[in-house]
Protein chains: 2
Amino acid sequence: MKAYLVFFFTVIVCCAVAQSPSVMPLPAKYKTHGNDFRLSTSFQIEIKGNPDPRIYKEASRFMQRVAEKTGLFFKTWMVGSESNIKEKGLTIIVKEKGEIKLGVDESYALQIDKNQILLTCNNDIGAIRGLETLMQLIQSDANGYFFKGMSIEDEPRFPWRGLLISQPYHFMPMDVIKRTLDAMAAVKMNVLHFYISDDQGYRIESKVYPRLHEVASDGMYFTHEQVREMIDYAHQRGIRVVPEIDVPGHSTAMIFAYPHLASIQRQYALQDHWGVFDPTLDPTKSTTYTFLDSLLTEVASLFPDQYFHIGGDENTGRDWKKNPSIQSFMKENGFKTTLQLQNYFNRKVQSILQKNGKIAIGWDEVLMKELSTAEAKQYFEEGNYHMLVEKDVPKDIVIQSWRGMEALLSSAKNGYKSILSKGYYIDLVQPASYHYLTDPIPFRNEVIVPDSEANFDRFESEIIKKIKQGEKLITKEEEKLILGGEATMWTEHVSAETFDSRVWPRTAAIAERLWSPADVRDVEDMYRRLDGISVYLESLGLTHIKNRDMMLRRLTGKEDVTSLSNLVQLLEPVQGYKRNRADNFTRFSPYSLLADIAVPDQKAVRLAKKQLATYDSNQDDVQLVEIENLFNSWKKDAAQATIDIQNIPALQDFKPHAISLAAIAELGLNAISSSKDKSLQQKFTTQQIELILKKANEEAGYCELKIVEPFRSFLERLLK
Amino acid sequence: MKAYLVFFFTVIVCCAVAQSPSVMPLPAKYKTHGNDFRLSTSFQIEIKGNPDPRIYKEASRFMQRVAEKTGLFFKTWMVGSESNIKEKGLTIIVKEKGEIKLGVDESYALQIDKNQILLTCNNDIGAIRGLETLMQLIQSDANGYFFKGMSIEDEPRFPWRGLLISQPYHFMPMDVIKRTLDAMAAVKMNVLHFYISDDQGYRIESKVYPRLHEVASDGMYFTHEQVREMIDYAHQRGIRVVPEIDVPGHSTAMIFAYPHLASIQRQYALQDHWGVFDPTLDPTKSTTYTFLDSLLTEVASLFPDQYFHIGGDENTGRDWKKNPSIQSFMKENGFKTTLQLQNYFNRKVQSILQKNGKIAIGWDEVLMKELSTAEAKQYFEEGNYHMLVEKDVPKDIVIQSWRGMEALLSSAKNGYKSILSKGYYIDLVQPASYHYLTDPIPFRNEVIVPDSEANFDRFESEIIKKIKQGEKLITKEEEKLILGGEATMWTEHVSAETFDSRVWPRTAAIAERLWSPADVRDVEDMYRRLDGISVYLESLGLTHIKNRDMMLRRLTGKEDVTSLSNLVQLLEPVQGYKRNRADNFTRFSPYSLLADIAVPDQKAVRLAKKQLATYDSNQDDVQLVEIENLFNSWKKDAAQATIDIQNIPALQDFKPHAISLAAIAELGLNAISSSKDKSLQQKFTTQQIELILKKANEEAGYCELKIVEPFRSFLERLLK
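Here the structure is a predicted model, which means the values were calculated and not measured.

*Asks:* Give a detailed account of the overall build of chain A, specifying residues and quantitative values.
*Replies:* When its secondary structure is counted, chain A shows 27 helices and 20 strands. Seen through its C-alpha atoms, chain A measures out along the principal axes to roughly 85 × 75 × 55 Å. Relative to its 720 residues, chain A shows a buried fraction of 62%. Considering only residue pairs separated by 6 or more positions, chain A has 76% of its internal contacts joining residues 24 or more positions apart. Accessible surface, chain A: about 27600 Å² in total, of which carbon and sulfur atoms supply 53%. On chain A, the mean spot of the 88 positive side-chain charges and the mean spot of the 96 negative ones are 1 Å from each other.

What follows is the structure in structure tokens.
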């Protein structure tokens, strides 16, 4: 009875606190009132004004989604220009057609009243954003479904909110791309960065250089019609598609298909491994530019967006240094570093793009000056706080920063536009909270985020020092040059089966960072809404939840995998680049094992951590009973999992984790018993405990049991 | 301890019985020996002979699937003509290129020995079938993965093993079609019957009559390139694709796009509802044939298969009777029935197909003579046992029978080829056992299957009577005219989310019926293998298991749906055409509710039934303890489910079932208690029990609780 009362009280306290609406990203402004709009089968949508027809399709899709969520039998889902509300419904008022381009007005206002919902916006893209907000606002009670009475005024903080998908490593087929676009639209992202070419493959059809897809794709590529299908699908959702052809490095596939492009003549093959490789286009030969002119012109005509990414990253320069004729060329032209030669190359590529009406984007290297560590040190000691940039880089190039602060700052200080990706590398399977707190304008003390595991920015610490000293490094005007950010899904360690669970739901946190006001930074509230959004996104076909058990079933061959599933939810894949070590993985590796089934930032881990962390020995016993239940469930799952993996070699990576979980559960149960009854002997010595916890912290199968440290801290508090 | 011993003994007994290999369809001949082939990372495939290159792709796909199942890190998955085994591996020997056409040799021989696996076949299509067998044979023990030493000689019983997918009702996008083709290949089916046109929509692009896709598809159609993509994907797996353009009935979409085709001029629109409708092409106008000539020629050139389905079913004839000019035409030509007019129409359509080198297929109506019931009765009484057919129907037409025995028999007796679909209507959500026992040659006493719920065959009982009297109705030669069968997935009551769970795993039972020898008819063994195949098929991307919980999560908005999921596994959607009543459903209905989440032929129901049915009061108590556990789990799930559905209107259909399950569990637990301790009073009167069971048998949300009758029988045995 006591437990019940406590539970009841907790609920009351919870409800009394005004929660933000369970919407992600959180709208810029919102205000609730009491007049809810109740949904019924007579609900209809009408659209007024002068919109692009895409809004009719999106409104029809909205009707279908509402029907599937609520079970309401509407007479029709179809919404057209002639649709009229007979009883109650949603009126969308759109002033003009929206253009799918950078900077288009995406704002909307939503007014939910008892008898009407009004969605007002400048263009249909704003309307699409507003529909996605409304969709997330559906609630229900015993009487039916309703939208809470409220008014919302919303617009994005940044105009560039992207997701990069790399196709060369693991190819993601059309259905993966489409459901990703659906999910992006659901969280109001507006750029798909479609990364086409790398050392492992070239992934779209080329009619001008057909060996690119015939020879350098292993049959995995999009035809022109499929590219158009993807772009149409994206545009329908108000999402731009920006292509990237990465040159002059990352070009083994291109060279494998057309060896005359190479800086060094050797035997080429598609690269099976992951990493940075030497093959590089020869920037001194006119035939290289003839090739790029035809190819980029073809690709540029296929992708209507004004921006075109030319890569430019991670050119090792080694092949250029090996080739005497390239070396002479550098001398003749006064290029001291290979980066200067690359800048020469970039300018030529950029002029091809300009001819095609395109604006180039490149990674940090297309702008940054190459300094030795000593030079850089001196430069900073002289009081400079941003990097030197190369001369002669056209001012309209956009810098996509994988290095973070240094590149952002240098770009802005030199008048270049930029987008941030460092801190949004979702392939590194870090927690959503880290990405969430990474701000695209990281130059204020309040928004500095501790180093991630992937810090490529040699001078970040210098910059942070200055910020902490209160220096204002960047003006309001310069800040405006930072267009937003892009989450990057480099697909080395994902398959089409695991792609969703590496991208979602964490990317929704990045989407909120890029859309919502800068001061929306409450991590706990973000996680509350993220857990909801995670389930919500499944309706769009995402497999991030449901493929876990499917993959376990493949390995066990059995339908019931409850215990293994519970165990794996306490494990997370190793973060950062730890999976790259020892060169174990290639594009022919199975991505169907423990580290692929476990997902980053597990909800069950967060909940367990919270439960253990909030234990307070001065409180009553209810908490302890619940923790005892938790340990008992761990014990049971560990035991059953141990049975389930017998005779299944592919599941042996689970074994040490199951053993550790069982041991921890036993430790915990024993400690709880002896804390309740002081006459009972502690079964384990401090040394034994330390040994168990040390063992439990060990990685196995590229995974870590993530509840060890919170458990240790709980144990210390319990036993003190 | 006693329980443990019993369990141990059962296992021993089980293992002592020689089980058929867990392969589906079961091979024609197989024999095991002791020399297993152990898999290691050095496993390779080499291919000798003169195959079509498609086998390299399939062998590469095989390597990938093995890697993902076993976790083995092979050096590469790629298999080419130059691939050579270095250590141990699979040698495929292929005599010649296989042609994707009816009757191609699909046989193969598989020899698994300690140091080599040998797959020998006449052509690469046989090799593809053999690879699918091998894939299913992977086993593991503590030492690793292996193939059991055995030899297999296998070939199909029927050359036509198809699955029909209707695109007009609910459109299935490319990813659904592709994973269906993967699953079909896994169970050795070889025909995708692609049903394009009906009253609700026209689903492929037409360049000659673009209004067909522009106006009559709501944007849901395959482009020519997509059709080719689908066909390539199918051919890669040794699967033919046969198109169907259903004429002259089922043609509202066609008429909506091109109203001049109509027999009656009225306002046309795409049909929203399901059923049989009057709109029919006008068979008397030359413009109708001009249209069909161009259209069918276009479609014929798109689908390379030699067969082309022209439908011909369910023409109500009403529009023809209403049109005076069509009536005069009939009189002029001496047509007494509309079916005769349709035969005239068919002949003209067939000549268009012949011109295009195609052989026509049609439903029963294209051949059968229309008899009144009185005429038919007399005809049978005169001793005839097969139906009359129309004269002048060209002999090369193939009859696809949705009526069953009467059509099969009439076709064969008159020298027509046929394929059976009656009994394979998987959209009617009947148990796999029913489909499994339905034989394409049903004219022997041993293979007669009781009437299904969808019996359209007015004279089946007459035919069955004759068979039971021992009459031999069909000769061996006539039997050969029966080419096989087709499962039909009419998509009225499925969405892209539920498609897989309505098709799989049950269709695997039909695939076995059509492939394996006629005497492979052991239902229990079929289910044992079907449960395995069900999990196996998931690896191909099928959603038939994983979408259950996803759909529950959409409705609850919560991640944990364990109890609802357990409850729904005891429920099955109503069978046959019961969901069509009251005209509730249209193409704008939500197919996301209880009857869509519940799947046919639930495994949990089968297991519970078996557990309850095998209870023997003379045995020891172990069985009863397990049944008690079962009832306790029902009780717990019913209670939790009742909480979970609170305030969620779309889940209220679960409520009566949860109440019934709780009541049954309570009944059962009470009965077990009182059976154990005779001094305890039975809490429930016979009347109360009857009331509870009656209530529990009531349908709710188009679903039935399927454990009521086995429970009743258990209760009677327990309490007697």
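*Asks:* Tell me about the sheet that holds strand E7 (residues 138-141) of chain B, and please be specific about residues and values.
*Replies:* All names here are of chain B. Read from one edge to the other, the open sheet built from three strands follows the order E2-E8-E7, with strand pairing classed as antiparallel. Of all the strands in the sheet, just strand E2 (37-38) and E7 have a single pairing partner and so form its edges. Pairing geometry for E7 and strand E8 (residues 144-147), over four bridges, is antiparallel. In the strand pairing of E8, Asp-141 is matched with Gly-144.

*Asks:* How would you explain the environment of A:Phe499 if you had to name every residue and give the values?
*Replies:* Residues and elements named next belong to chain A. Note on placement: Phe-499 falls in helix H17 (residues 499-503). Among the residues examined, Phe-499 registers a relative accessible area of 0% and is labelled buried. Residues Phe-499 and Thr-543, spaced 44 residues apart in sequence, show a C-alpha to C-alpha distance of 8.5 Å. Look past the residues within four positions of Phe-499 in its chain and what remains in contact with it is Ile-165, Met-172, Val-176, Thr-180, Met-489, Thr-491 and Val-494.

*Asks:* Lay out the interface of chain B and chain A with the relevant residues and their values.
*Replies:* Listed by partner, the interface residues are 51 residues for chain B and 51 residues for chain A. Around 4600 Å² of area is buried between chain B and chain A when both sides are counted, 55% of it from carbon and sulfur atoms. Sorting the residues of chain B by area buried against chain A places B:Phe73, B:Glu559 and B:Phe588 first, and these three jointly supply 15% of that buried surface. Here chain B and chain A share six salt bridges between them. Viewed at the interface, chain A and chain B are joined by 20 residue pairs in polar contact (both at pLDDT 80 or more). Breaking the side of chain B that touches chain A down by element, the ones donating at least two residues are helix H2 (54-70), E7, E8, helix H6 (224-236), helix H19 (523-538) and helix H20 (546-556) of chain B. Considering every element that reaches the side of chain B that touches chain A, the biggest residue donor is H20(B), with seven residues. Classifying every residue of the side of chain B that touches chain A by side-chain character gives 19 nonpolar, 14 polar and 18 charged.

*Asks:* Can you explain the packing of aromatic side chains? Please cite residues and give values.
*Replies:* Residues and elements named next belong to chain A. Scanning all chains against the criterion turns up 56 aromatic pairs over all chains. Seen from their ring centres, Tyr-289 and Phe-345 are 5.8 Å apart, and the 45° between their planes marks the pair as tilted. Remark: Phe-345 occurs in helix H11 (residues 338-355) and Tyr-289 occurs in helix H8 (residues 286-302); sequence separation between them is 56 residues. You can call Tyr-289 buried: its relative accessible area is 10%.

*Asks:* Please give an account of a negative patch on the surface that cites residues and values.
*Replies:* Together, A:Glu96, A:Asp105, A:Glu153 and A:Glu155 make up a negatively charged patch on the protein surface. Relative to the elements of secondary structure, A:Glu96 occurs in strand E4 (residues 89-96).

*Asks:* Can you break down the sheet that holds strand E1 (residues 29-32) of chain A residue by residue, with the values?
*Replies:* All names here are of chain A. Across the sheet, six strands lie side by side as E1-E9-E5-E6-E4-E3; this open sheet has mixed pairing. At either margin of the open sheet sits one strand with a lone partner, and together these are E1 and strand E3 (44-49). The average undirected angle you get between the axes of adjacent strands in this sheet is 10°. As paired elements, strand E5 (residues 108-112) and strand E9 (residues 150-154) share five bridges and run antiparallel to each other. Within E9, the residue paired with Leu-110 across the bridge is Ile-152. Of the strands in this sheet, E4, E5, strand E6 (116-123) and E9 are in contact with helix H3 (residues 124-136), which crosses E6 at around 145°.

So, how was this worked out
Residues numbered from 1 in each chain as written. Chains lettered and ligands numbered in written order. Predicted model: local features only at pLDDT ≥ 70, side-chain atom pairs only at ≥ 80, totals over all residues. Heavy atoms only, no water. Helix = DSSP H or I, 4+ residues; strand = E, 2+ residues; numbered from the N terminus. Buried < 20%, exposed > 50% of the residue type's maximum accessible area, 1.4 Å probe, protein only. Contact = heavy atoms within 4.5 Å. Areas by Shrake-Rupley, 256 points an atom, 1.4 Å probe, with all protein chains shown as cover. Lys, Arg positive; Asp, Glu negative; His and termini not counted. Charge placed at Lys NZ, Arg CZ, Asp CG, Glu CD. Pairing = 2+ DSSP bridges. Buried area = accessible area lost by both parts, 1.4 Å probe. Salt bridge = Lys/Arg side-chain N within 4 Å of Asp/Glu carboxyl O. Polar contact = N/O pair within 3.5 Å; in protein donor to acceptor, adjacent residues only side chain to side chain. Nonpolar A, V, L, I, M, F, W, Y, C, P; charged D, E, K, R; others polar. Phe/Tyr/Trp six-rings, centres within 6.5 Å; stacked < 30°, edge-to-face > 60°. Patch = residues over 30% accessible without salt bridge, like charges linked within 9 Å, V, L, I, M, F, W, Y side chains within 5 Å. Axes fitted to C-alpha atoms, helices over the stretch in contact; angles between N-to-C directions.

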